[in-house]
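# Fold and contact review
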Amino acid sequence: MIKLVIALFLAYQLVVDAQCTGCWIGTRGPCQQSNSVCWASNNNRCPQGTTSCRTPATPEPSSTPLPGSDCLDCFFPSSGKCKAPHDGVCHAEMPGNPENDNCPPDTTRCYPIIPEPTNPPLPGSDCLDCSPPSSGKCKAPHDGVCHAEMPGNPGNDNCPPGTNRCYPQTLAPVTPAP
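Cut-offs used in this document
Residues numbered from 1 in each chain as written. Predicted model: local features only at pLDDT ≥ 70, side-chain atom pairs only at ≥ 80, totals over all residues. Heavy atoms only, no water. Disulfide = S-S within 2.5 Å. Helix = DSSP H or I, 4+ residues; strand = E, 2+ residues; numbered from the N terminus. Buried < 20%, exposed > 50% of the residue type's maximum accessible area, 1.4 Å probe, protein only. Pairing = 2+ DSSP bridges.

### Here we look at the state of the cysteines
Counted according to the given criterion, the structure contains nine disulfides. Two residues, Cys-71 and Cys-110, share a disulfide whose sulfurs are 1.9 Å apart. Classification of the bridge connecting Cys-71 and Cys-110 rests on its S-S torsion, roughly 95°, and on that basis the disulfide is right-handed. You can see Cys-71 sitting in the loop between β3 (51-52) and β4 (82-83) and its partner Cys-110 sitting in the loop between β6 (108-109) and β7 (138-139), a full 39 residues away along the chain. Looking at Cys-71, the relative accessible area reads 9%, which means it is buried.

Quick look at the structure:
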């Protein structure tokens, strides 16, 4: 057990104490500005305007992360689904902040959540997105109110006047292959 603790401590030290290469003469540290001046970190966070020279503690996954996954290559030891571009620190989601995809301010979601595609309704189905509490196969475009069919009105696809059928009654005929 003690050997495991020592090994973990040494691995942690190697990551935390990783120094930048190519630093401006007389400077050193794990954070580097674009002009090659290196700086020390403060609680494993680089000063603003610098980037971390640390290598990720874990190898990159071999496949693309799924939508909604945690960010990769976060500034050690942070983790989360949202990342600050200025310092690479990752953060947990902030529910109730839909303006920023439920991420904290000044961060962006690493892997957007892609809504699952929905199958189009079958021919003759009721309309979707009707003004509550209406429903039906025909919809008025000016107010979104849905209505039942009006049999005997073939001129308007059996829908009441001023409405349109949401989905055709049948699928288009398929021409057989020669």
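### Some details on unusual backbone geometry
The linkage connecting Phe-76 with the following residue, Pro-77, adopts the cis geometry, with an omega of 0°. Within the secondary structure, Pro-77 is located in the loop between β3 and β4. Residue Pro-132 is joined to Pro-133 through a cis peptide bond whose omega torsion reads -5°. Turning to its location among the elements, Pro-133 is positioned in the loop between β6 and β7. Unlike most non-glycine residues, Asp-129 shows phi in positive territory, near 55°.

### A closer look at the sheet that holds strand β5 (residues 90-91)
Taking strand neighbours across the sheet as the criterion, the three strands line up as β5-β4-β6 in an open arrangement whose pairing is antiparallel. Edge positions in the sheet fall to β5 and β6, since each of these pairs with one other strand and no more.

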